[in-house]
Amino acid sequence: MTIDKSWTQIRKRSNSTVFWQGLQSFLQMAKPHVNDRGFIRCPCNRCINNAQHQLEVLETHIPRFGFMSDYNEWIYHGENVYAASSSNVLHPNSGVYDRDEMFEVLEDIISNDAEVDQLGSQSSNVQYDDLFTALNSELYLGVSSFSSLNFLVKLMHLKVMNKWTNKSFDELLKLLKLAFPKMDLVESHYEAKKLMTKMGLGYQSIHVCKNDCALFWKENSMSETCPVCFESRWKMQAGRRTGKNVPHKVLRYFPLAPRLKRLFVTSKTAKLMRWHQSGKSTDDNVMRHPVDGRAWKDFDNKHTEFADDVRNVQLGLAADSFNPFNNMSISYSMWPVVLTTYNLPPWLCMKPEYLMLSLLIPGPQSPGKDMDVFLRPLIEELKELWENGIDTRDAGNDRKVFKMRAALLWTVNDFPARSSLSGWSGQGYKACPTCNENTPSMRVIGKIAYFGHRCFLPSTYRWRSNLDFDGRTDRKRPPRRFSSVDIMDQLLRVKTTIPGKHPNYGGVKRKRGDDELNWRKKSIFYELPYWAEIELKHNLDVMHIEKNICDSLLGTLMGEPHKSKDTDNARRDLQNLGIRSELHLYEDGNKLMKPAAEYTFSEANRRKFCRFVRSVKFPDGFAANLRKNVAQNDSRIVGLKSHDCHVIMQRLLPVGCRSLVNNAISSTIIELCTFFNQLCARTVNVTDMVKAQDQLVIILCKLERIFPPAFFDIMIHLVLHLPEEAILGGPVFMRWMYPFQRNAAKPEGSISEGYVVDEALTFCSRYFDDIETRFNQPDRNDDGIHRTKRLFVFESQCKPMGKQSQVYVEKNMRDRAEFYILNNSPEIETYLNQHKQELQLRGCLNPDEAHRNEFADWFFEKIYAMNRVHAPEVTHELLSLASKSNIFVSSYPACIVNGVRFVTHARDDRLKMQNSGVSVPGTENEMFYGQLQEILEFSYLNDFSVVLFKCKWFRCDSRRMVTENNITSINITSESYKDDQFILASQAQQVFYVEDPSREDGMSDIDLLQDNSSSNFMLFVDLGNLPQINLQRNDGDVIPIVQPFTAVSQHVNETVSFLNDDDEEDVSEEDDETVEESTDEETDEGNDDVDTEEDDDDYSYHTSDSD
């Protein structure tokens, strides 16, 4: 049946019967497709299917904002969507509990086996007998609506949600048994876990050789010794096995296929598995999901048969090490391998509930080059899923069986882990996997510097002839692009190596040949038939790159002894290169002196920057409290985690460094920080990334002119390739390590058992509506408001916080507030225009002022006159709006509006967070900035109300608001619009203000939270002449060095070991096989400063619109 959609094009909607009839038909069609909370996507021109609301809100949004013009197939609202069957399957011995959610849970668990011909048959339920026994048991005598199984699952879920200990859970069970002796309940947490495990999907334990040579799996499953090194499979004492056979290592493997099948077997997720097809961007320039990236599109074009069925699954893989004994100072490296499903919407696929643990690689050593040995079971299953697929029931298509196939799209890892997975070593002269054999690098004292980015400039560019970079001109060509064919040709030249760490076999060190480049091995991923053709195989992890760059910049600017790249050897490099003589070390008597550089803060400026960081107050939920990272004497910043560096790099460093170093240095740092702002946006524009690709070359060249070559570790160089990877893979927040580093906290065996139980509870919780679960848990700043009003102003509601007080509002202020409410009601625009016309006919000298003063009374008389004759236009809401508000107004110190917490400035001053900054767009798209002074709720007849924000607005003229280097500064001491202080609460956007340490005129910098698009951060790079700057600070500071002056004579090509105690863990995977380059003095160096820190903070990048 054809759906009439012509009503969506009607412009004059308010009085159109056709429009309202079409809208009601649309809402009726959409009603069966709301989610568990009654929400559905809103197709109005403001929400554009990105926001979800209840149907009542759609009924007000669509008439007000209009229907999306390019939304032609109503896929989110019922068109061409199959309804899933919801029939319950009962065990033959089942009773009357047909309303128990656990029936649907068990039905879907059983139907996960697509080969079952008849759901609920006796043979199919044998392994679930204990579950059905608990399901058919009354919790308590006479309680027929609550089964024992239902109660236990919900109780276990509460344990997980609230982090109860096992002991506390046992004590609770004892108390329940004592209070209710006849309650049918398990005795302990151990028994409960055993029952929950039957609803989980389990895992396989695979024995591993003690030297990581091979798995005792498949053809080796019965072997007693390793087929490579011939070591015993079992732990030995005095050369003999004693008692029970105990393997040296155990790999836990969690099969992938049944976990993917569960995503289709329940209607809760089956429809979501098609989102990548229905929700992808229609604009080729806009990327909101990996499906919008070039790599996914290229994969679909090459494998059309796979792409034709939207239910086929695209996966991403992440692997990283962590130490479960971190608090016990025990060296241990365990590697979880986690998979995510990119078929899901962007707001779900990186959530912990949708991440799947696939492998748990045992310690205590890192697998290093032997990672492929442990990946073997997963690769074999991925090959099977690609070639043959697996029968799967689709709850989104009447539970029909289809062949589900799966493909691995890419991996996400930090840079050292990338070496283990890809086979390309991340150290040495050719460390960059993209530049390959043409990586720009040079030897400096003690390390390799990735210096020389002028080669990426056009050949005629004037900077290529400048001698200030490294004392030479640069005529090199930029690194060429390596195709998939080129890479395969290189891999053909890589020699096959013996796996393992046995000193006589795989552990023998060997020298790499010149033709092998930086390849250590051919990765096991190339066994996947499609892998060689994938454009983006291994993502560069922006999280770790950003953290390492932030550490390098901060350490160098602050002059941190262990973090600064401005070391004595770095100055000797300058002398060896014959550049920047003002920074060379010199001898003063028997002391070696180091001139202070312009790129380091003076003592006074270092303290000023620390005080600046200490003074910053972020909005609620935005970032950690950075005050704790500032030393008490304001001399250094310590203990920064990855997300702390993320916030400092993008929010604080651009502001804080402006006055503390000269403009040429600060502007370059700001340009780099602005790029990371662009890159980390939720929506990425392709044109922005193309421009950023060219501008990053300029930025890196400017950095080379400022900092010594030793500053440029591999992390600095890798920034150059991030825009290209964004074009290939889409938004960064779905391709970085933040979501994957929060999933492990227990030793191996406990993790495996706990994961299976947690997996079962997560599956069950999808069906629970009467308790709080991971799927219906409200956000921290959820306002809980269901806006169902027809008048826009009555939708301006909030969730109040704090003590309510009733205040009397003077008539003058109340009149201004009521006029603002009326003037911002688009539904009464006809009456506003009519009153203005009457004033013009009267010949009023000042019609605008008369309109403000007289309209409320005129509107009151007009509406009540119409009401007396029962005019159909006069609704209860319209009558209430015309009747004016109560003289007493409710006032609150804080509230939540549209998921954002606002606090009045008076209260904000006493808190460690800042939630009082507001902004609002003007009629000509200009922005107004201010501070929230009062939150006022004006009450009308019939229990209607409007929440207004009374704000102090700052002057925004060119003298008091300045934008420089992408940073907007405003003078917060000058007030404006004192007679126009109100805005609707629903109109407010949150900002926060940062005190500008570079100014003493009351200026503060504005930091907007609405940064979801890369176009919100315009990256302007100065392409003028390279600044001629004297890099010696003019304060005359010098730093005495205790070492003798003779050390300066070290040659630039001298080989010096660069590893120290702090670096050993970072490159542990390289220690297993030290491979020399083609020259005797060339070793795998250059990654000494790469930070692979294991973060334990649980912060995520927050934006007010999307979180």
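Residues numbered from 1 in each chain as written. Predicted model: local features only at pLDDT ≥ 70, side-chain atom pairs only at ≥ 80, totals over all residues. Heavy atoms only, no water.

### Things to note about the overall build of the protein chain
Of the regular secondary structure elements, the protein chain holds 30 helices and 33 strands. Counting over 1107 residues, the protein chain shows a buried share of 57%. A separation threshold of at least 6 residues defines the contact pool for the protein chain, and within that pool the share at least 24 residues apart is 70%. Carbon and sulfur atoms form 48% of the exposed surface of the protein chain, whose accessible area is close to 47,800 Å². (Helix = DSSP H or I, 4+ residues; strand = E, 2+ residues; numbered from the N terminus. Buried < 20%, exposed > 50% of the residue type's maximum accessible area, 1.4 Å probe, protein only. Contact = heavy atoms within 4.5 Å. Areas by Shrake-Rupley, 256 points an atom, 1.4 Å probe, with all protein chains shown as cover.)

### Considering helix α3 (residues 101-110)
Note that an α-helix has 3.6 residues per turn; residues three or four places apart therefore point the same way. Among the ten residues in α3, nine count as buried, and that is most of the element. Residues of α3 that are buried include every one of Glu101, Met102, Phe103, Val105, Leu106, Glu107, Asp108, Ile109 and Ile110, and no others.

### Some details on the pairing of strand β3 (residues 204-208)
Relative to strand β5 (residues 249-253), β3 runs antiparallel, the two being bridged by five bridges. Among the inter-strand pairings, His207 is bridged to a residue of β5, identified as Val250. Relative to strand β4 (residues 215-216), β3 runs antiparallel, the two sharing two bridges. Each residue of the ladder has a partner; that of Val208, found in β4, is Leu215. In textbook terms, the turn of a hairpin is the stretch between consecutive antiparallel strands, and for β3 and β4 this stretch comprises six residues, one of which, Asp212, has a positive phi near 60°. (Pairing = 2+ DSSP bridges.)

### Some details on the pairing of strand β10 (residues 390-394)
When a strand is regular, its side chains alternate between the sheet's two faces. Across five bridges, β10 lies against strand β11 (residues 400-404) in antiparallel orientation. Considered in β11, the bridge of Thr392 is made with Phe402.

### Overview of the environment of Leu263
Inspection of the secondary structure assignment puts Leu263 in helix α8 (residues 257-265). Ignoring sequence-local partners within four residues, the contact set of Leu263 consists of Thr269, Ala270, Met273, Thr341 and Tyr354.

### With respect to the environment of Gln933
In this structure, Gln933 sits in strand β25 (residues 927-939). Apart from the residues lying within four places of it in its own chain, the contact partners of Gln933 are Thr904, His905, Lys950, Cys951 and Lys952.

### What about the sheet that holds strand β22 (residues 894-897)?
The antiparallel open sheet is built from three strands, whose spatial order is β19-β22-β23. With partners counted over all chains shown, the strands left at the sheet margins are β19 (799-801) and β23 (900-903), one partner each. Ignoring strand direction, the axes of neighbouring strands in this sheet form an average angle of 25°. Pairing of β22 with β23, which is carried by four bridges, proceeds in the antiparallel orientation. Each bridged residue has a counterpart across the sheet, and for Ala894 the counterpart in β23 is Val903. (Axes fitted to C-alpha atoms, helices over the stretch in contact; angles between N-to-C directions.)

### Points about the packing of aromatic side chains
Enumeration over the complete set of coordinates arrives at 45 aromatic pairs. Note on Phe299 and Trp386: the rings are 5.9 Å apart at their centroids and 70° apart in plane angle, and the pair reads as edge-to-face. You can see Phe299 sitting in helix α11 (residues 294-302) and its partner Trp386 sitting in helix α13 (residues 371-387), a full 87 residues away along the chain. The residues Phe299 and Trp386 share a single accessibility class, namely buried. Between Phe618 and Phe992, the aromatic rings sit 5.6 Å apart at their centres with planes inclined by 70°, giving edge-to-face as the arrangement. (Phe/Tyr/Trp six-rings, centres within 6.5 Å; stacked < 30°, edge-to-face > 60°.)

### A few points about the nonpolar core
Among the nonpolar cores identified, the biggest contains 177 residues, and Leu260, Leu408, Phe609, Leu653 and Leu672 are the most heavily contacted of them. Tallying contributions element by element places helix α21 (residues 686-706) first for this core, with eleven residues. Counting residues in hydrophobic clusters, the runner-up holds 52 residues, among them Phe819, Val874, Leu878 and Ala985. (Core = buried A, V, L, I, M, F, W, Y, C linked by side-chain atoms within 4.5 Å.)

### Observations concerning unusual backbone geometry
The linkage connecting Gly363 with the following residue, Pro364, adopts the cis geometry, with an omega of 5°. Within the secondary structure layout, Pro364 lies in the loop between β9 (356-361) and α13. Although it is not a glycine, Lys163 adopts a positive phi angle of roughly 60°. Mapped onto the elements of the fold, Lys163 is located in the loop between α5 (148-162) and α6 (166-179). The phi dihedral of Asp943 is positive, around 65°, even though this residue is not glycine. By the element assignment, Asp943 lies in the loop between β25 and β26 (945-954). Judged by relative accessible area, Asp943 falls into the exposed class, the value being 78%.

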